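# Coordinate analysis (summary)
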Amino acid sequence: MTALTRRHFIAAAAVAMPWFHAQAQSGTRLRCFWWGNPDRDKRTRNLLNTYARSNNLQISAESLGWGEYWTKLGTQVAGGNAPDLIQMDYRYIFEYARRNTLFALDKLLPLADFSPYDRDSGKVDGKLYGVSLGSNSKALVYDTGTLQKVGVKSMPSDLTWDDFGRIAGEISQINLGKYWGSSDSSRLEQVFEQWLNSGSKLLYTADGKVAFTPDDVAAWFDLWDKFRKAGVIPPADVGATNNARVEEYEITRGLAAMSFIHSNQLLAFQALNKNKLAIAMYPRVKGGSPGHYVKPAMLMSVSAKSKTPEEAAKVINHMVTSADGVKTLGLERGVPCSATARAMLLPEADELGKQQIEFVAMVAKAATPLPPPPPKGAGEIENLLRRVADSVAFGKVSLKDGARQFHAECVNILARA
Amino acid sequence: MNASAKRARWRRDLIGYAFLAPWLIGFVVFSLGPVLASLYLSFTKFDLLTTPQWTGLDNYVRMFGSDVRFWHALKVTFTYMILEVPLKLTFALLVAMALDKGIRGASLYRALFYVPSLLGGSVAIAVLWRQLFAGNGLVNQVLLWAFGIQGPAWIANPDTSLYTLVLLAVWQFGSPMIIFLAGLRQVPHDLYEAASMDGAGAWRRFRKITLPMLAPVVFFNLVLQVIEGFKAFTPAFVVSSGTGGPVDSMLFYTLYLYQEAFAYFRMGYASALAWVLLIVIGIFTAISFFTSKYWVYYEDDSR
């Protein structure tokens, strides 16, 4: 009896196995992972759902905030469980490509109507590892109503750091100790880099070494230290938990009138802010250049481990060339690189969209050339600056020691990478 | 022993091992294998994606010689443990003693008090904690309303952030409480009666009867909590959004290990960190066991 039932069971299982197998295999499955915000998540999910339905495949979508995204992605890639479609950043693409985790897309995506500048922005060592989903530049976002209160109709784009400090200081006087002119951005690598660029310096040399000196860092910390002491920016504990999610910025939390972001983020910030926002270039050092450059706001890459890189590449192609893809994503990820896509969006662009397009065009005219690609370890250095700048802001280390420590650690990280 | 008896015994053992096989295979494949692999990897430079390169003792030399964050992470973890373990055990014992008094609805309270232990390690609670202790969070609102005190931004301030995690851990006192409660039930009541008759007060009864009788249970809880303390990860990870910040104030050792491994692709170094953690936990457990003979009394002790 027992033997019989056991045999029956095995037989039944053997019959059922191929069926289960077939169930698991039917249709191509893709996974797409990006860092985002509520607005971007909605647009991306819409695009992926429509595409999946009309092409009879399954696409699962995941998104996280910037800070958590990179650890999660690192974990997945390291565990051999990378998503097929990976949203990439210019800071990280060299690292990921050189660790052979990305698929070279040259043969699959010719990107005919991209300008060479835009196409090359996704290349590492001569091969295409990412497709720019849009261009952006760094941008100072500000609350127009508050700025008007201190007599600034629109921020001039040749603002110096002195002007910036003066304007922000006046704003801080409006509601003393509750509302400040600007968020503390001593901890943001992108702002530090622009400050260096503006003074004709660089973050990294072309051969991937540290290009700034400890004195540069000390001067940078000193700039913000003076702002902090003068009450131009909030005390350290207001911004120390900001990990670059839109809702964590002081401007969104109603604590400051200006924050340092990127031009494409204007849409996401406006979506969470009641007051009318606008963007301008970051301040520059006295007599310096703007220090801005146009870069891919984000790229889309395909994992080297993807089982169907062709299918994944088709999704990217859909995002950047098809009318449906371009219109669904809009300008939220920056100004599209394809001329056809821009032509599709321009007539329909609202005021925010127009502002963004004009801003990127303005920066393109005034821009300094794209700095050398960030070396392996650039992502870690981004986090390091947050940590050291915070210790300085909290008074845990002196400004000079903090600067020396940051510089030494950068050298160390790049040497180990 | 003759041959047939030997064979019979061997067969009996074999059956035992056969029943153990699923666990044994699981242990060898999923635990022992990776453990040995990590020992090898700890002597290499390994970014997970390319083949490991043998670097000898480099990882360990770096760790003890020049890695400031390693020492800092150890300091944070020890500070956390030194505060969390005694506080949690004291609190658990107090609640257990109150429940042992036979108050009405004791079993309901017991279940209620245990709930945080079930939830406490979860991501949801860590997120809740972040909200509670934010600059404008509930805790500060209550402080302002009740005492007129403007509290600090508990989590954003490196001087206070770790204490919010200590509080979170102490709040999960349920499991040592249950164990204490079981221990208290074992203490013979006639001892208390005799002591009362001799005029011993509550404090004296606690010191002279409860504590000594409970020593093995205290010891058990202590070892368990010390190991748990070293292994704590989720609260720090979620409350600090994976950064360990501000200013590394919540950089638990495990979080540092995680960052090195998965954020910065230094699996070789992370493996070395894991082995040092294992040795540290081993040392602390050994110290507990070694000292236990001086303060733990076992009823069936033949000394």
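Residues numbered from 1 in each chain as written. Chains lettered and ligands numbered in written order. Predicted model: local features only at pLDDT ≥ 70, side-chain atom pairs only at ≥ 80, totals over all residues. Heavy atoms only, no water.

Let us now look at the domain arrangement of chain B. Where interface size is given, it is often the accessible area lost as the parts come together that is meant. With domains assigned, chain B is organised as domain 1 (3-41) and domain 2 (64-295). The distance between the C-alpha centroids of domain 1 of chain B and domain 2 of chain B comes to 36 Å. (Domains from an automatic or database assignment.)

Okay, the layout of surface pockets next. What the second largest pocket holds in volume is close to 790 Å³. Along its surface, the second largest pocket is lined by 32 residues, and Val68, Arg69, His72, Val247 and Asp248 of chain B are the ones closest to its centre. Within the residue set of the lining of the second largest pocket, elements represented by two or more residues are helix 16 (378-393) and helix 17 (399-416) of chain A together with helix 3 (68-100), helix 7 (161-171) and helix 12 (253-263) of chain B. Tallied by class, the residues present in the lining of the second largest pocket amount to 12 nonpolar, seven polar and 13 charged. (1 Å grid on protein atoms, 1.4 Å probe; cavity = no way out; pocket = protein on both sides within 12 Å on 5 of 7 lines; lining within 4 Å. Points joined across faces, edges and corners; volume = space filled by probe spheres on them. Helix = DSSP H or I, 4+ residues; strand = E, 2+ residues; numbered from the N terminus. Nonpolar A, V, L, I, M, F, W, Y, C, P; charged D, E, K, R; others polar.)

Take the pattern of salt bridges next. All names here are of chain A. Going through the model one piece at a time under the given rule, you end up with 38 salt bridges over all chains. Here Glu348 and Lys327 are joined by a salt bridge, their closest N and O atoms 3.5 Å apart. On the criterion of sequence distance, the pair formed by Glu348 in the loop between helix 14 (339-345) and helix 15 (351-366) and Lys327 in helix 13 (residues 323-329) is long-range, its members being 21 residues apart. Taking relative accessible area as the criterion, Glu348 reaches 55% and is therefore assigned exposed. Beyond isolated ion pairs, a larger network of salt bridges with shared partners links Asp89, Arg91, Glu189, Glu382 and Arg386. (Salt bridge = Lys/Arg side-chain N within 4 Å of Asp/Glu carboxyl O. Buried < 20%, exposed > 50% of the residue type's maximum accessible area, 1.4 Å probe, protein only.)

A few words on the environment of Ala297 of chain A. All names here are of chain A. Inspection of the secondary structure puts Ala297 in the loop between strand 12 (295-296) and strand 13 (299-302). Note: C-alpha distance between Ala297 and Ser132 (165 residues apart in sequence) is 7.2 Å. Contact partners of Ala297, with chain neighbours within four places excluded, come to Trp35, Asp89, Gly134, Ser135, Asn136, Asn264, Arg333 and Gly334. (Contact = heavy atoms within 4.5 Å.)

As a further point, take the sheet that holds strand 3 (residues 85-88) of chain A. Residue and element names in this part refer to chain A. With mixed pairing, five strands are arranged side by side in an open sheet as 2-1-3-13-6. Strands with a single pairing partner mark the edges of an open sheet, and in this sheet they are strand 2 (58-64) and strand 6 (131-132). As defined by bridge partners, strand 1 (residues 29-35) adjoins strand 2 across seven bridges and the pair is classed as parallel. In the strand pairing of strand 2, Leu30 is matched with Ile59. Against the sheet, helix 4 (residues 90-98) touches strand 3 and strand 13, its axis set at about 130° to strand 3. (Pairing = 2+ DSSP bridges. Axes fitted to C-alpha atoms, helices over the stretch in contact; angles between N-to-C directions.)

Once that is clear, we can look at the interface of chain B and chain A. Each side of the interface is counted separately: chain B has 27 residues, and chain A has 25 residues. With both chains or domains summed, chain B and chain A bury close to 2,400 Å², and 54% of this area falls on carbon and sulfur atoms. Ranking the residues of chain B by area buried against chain A places Val247, Tyr264 and Phe265 of chain B at the top, with a combined share of 23%. Our count for the chain B to chain A interface comes out at five salt bridges. Between Arg266 of chain B and Glu380 of chain A there is a salt bridge; the shortest N-O distance is 2.7 Å. Here chain B and chain A share seven residue pairs in polar contact (both at pLDDT 80 or more) between them. The biggest single contributor to the side of chain B that touches chain A is helix 12 of chain B, with four residues. Among the residues forming the side of chain B that touches chain A, the class breakdown is 14 nonpolar, four polar and nine charged. (Buried area = accessible area lost by both parts, 1.4 Å probe. Polar contact = N/O pair within 3.5 Å; in protein donor to acceptor, adjacent residues only side chain to side chain.)

Looking now at the sheet that holds strand 11 (residues 277-280) of chain A. Residues and elements named next belong to chain A. Ordered by their spatial adjacency, four strands build an open sheet running 9-10-8-11, and the pairing between neighbours is mixed. Each edge of the open sheet is held by one strand with a lone partner, namely strand 9 (180-182) and strand 11. Neighbour-to-neighbour, the strand axes of the sheet open up by a mean angle of 25°, direction not taken into account. Pairing analysis gives four bridges linking strand 8 (residues 138-143) to strand 11, with the strands arranged antiparallel. For Leu140, the partnering residue across the bridge sits in strand 11 and is Ala280. Helix 8 (residues 189-198) rests against strand 8 and strand 10 (256-262) of the sheet, and its axis sits at about 80° to strand 10. Taken strand by strand, helix 15 contacts strand 8 and strand 11, and its axis lies near 5° from that of strand 11.

All names here are of chain A. Summed over the entire model, instances satisfying the criterion amount to four cavities of 30 Å³ or more. Roughly 530 Å³ of volume is contained in the largest cavity. Contributing to the lining of the largest cavity are 35 residues, with Trp66, Asp89, Arg91, Gln190 and His262 lying nearest its centre. Secondary structure elements with two or more residues in the lining of the largest cavity: helix 4, helix 8, strand 10 and helix 16. A per-class count over the lining of the largest cavity returns 17 nonpolar, eight polar and 10 charged. If you count residues domain by domain, the lining of the largest cavity takes at least three from each of domain 1 (27-133 + 296-353) and domain 2 (138-292 + 377-416).

Before going further, it helps to spend a moment on the domain arrangement of chain A. Residue and element names in this part refer to chain A. Domain assignment breaks chain A into domain 1 (27-133 + 296-353) and domain 2 (138-292 + 377-416). Once you take the C-alpha centre of each, domain 1 and domain 2 turn out to be 28 Å apart. Overall, the association of domain 1 and domain 2 removes approximately 1,400 Å² of surface from exposure, summing both partners, and the carbon and sulfur fraction of that is 54%. Here Arg91 ties to Glu189 by a salt bridge, and the two come within 2.7 Å at their closest N and O atoms. Taken together, domain 1 and domain 2 are joined by five residue pairs in polar contact (both at pLDDT 80 or more). When grouped by side-chain class, the residues that make up the side of domain 1 that touches domain 2 number six nonpolar, four polar and nine charged.

The subject of this paragraph is the confidence of the model for chain A. Scored by pLDDT, chain A comes out at a mean of 90, with 94% of its residues at no less than 70. Considering only residues more than four positions removed or in separate chains, one finds that residues 18-25 of chain A, a stretch of pLDDT under 50, has zero contacts. (pLDDT = per-residue confidence, 0-100.)

Turning our eyes to something else, we now look at the side chain of Ser198 of chain A. All names here are of chain A. Position of Ser198 among the secondary structure elements: in helix 8. The class for Ser198 is buried, based on a relative accessible area of 1%. Within the structure, Ser198 has its side chain in polar contact with the backbone nitrogen of Val285 (distance 3.0 Å). A distance of 2.9 Å separates a polar side-chain atom of Ser198 from the backbone oxygen of Ser289. With near-sequence residues (within four places) excluded, Ser198 lies in contact with Arg284, Val285, Gly288, Ser289, Pro290 and Gly291.

What follows concerns the pairing of strand 1 of chain A. Burial runs high along strand 1 of chain A: six of the seven residues are buried. Handedness of the β-α-β unit built from strand 1 of chain A, helix 2 (residues 38-55) of chain A and strand 2 of chain A comes out right-handed. (Right-handed = clockwise from strand over helix to strand, strands pointing away.)

Residue and element names in this part refer to chain B. Between helix 4 (residues 106-119) and helix 8 (residues 174-186), whose axes approach to 7 Å, the crossing angle comes to 140°. Considering their axes alone, helix 4 and helix 8 lie oblique with respect to each other. Every residue of helix 8 that contacts helix 4 at Arg110, Phe113, Tyr114 and Ser117 is listed here: Gly174, Ser175, Met177, Ile178, Leu181 and Arg185. Residue composition of the contact of helix 4 with helix 8, by class: five nonpolar, three polar and two charged. (Parallel < 35°, antiparallel > 145°, perpendicular 65-115°, else oblique.)

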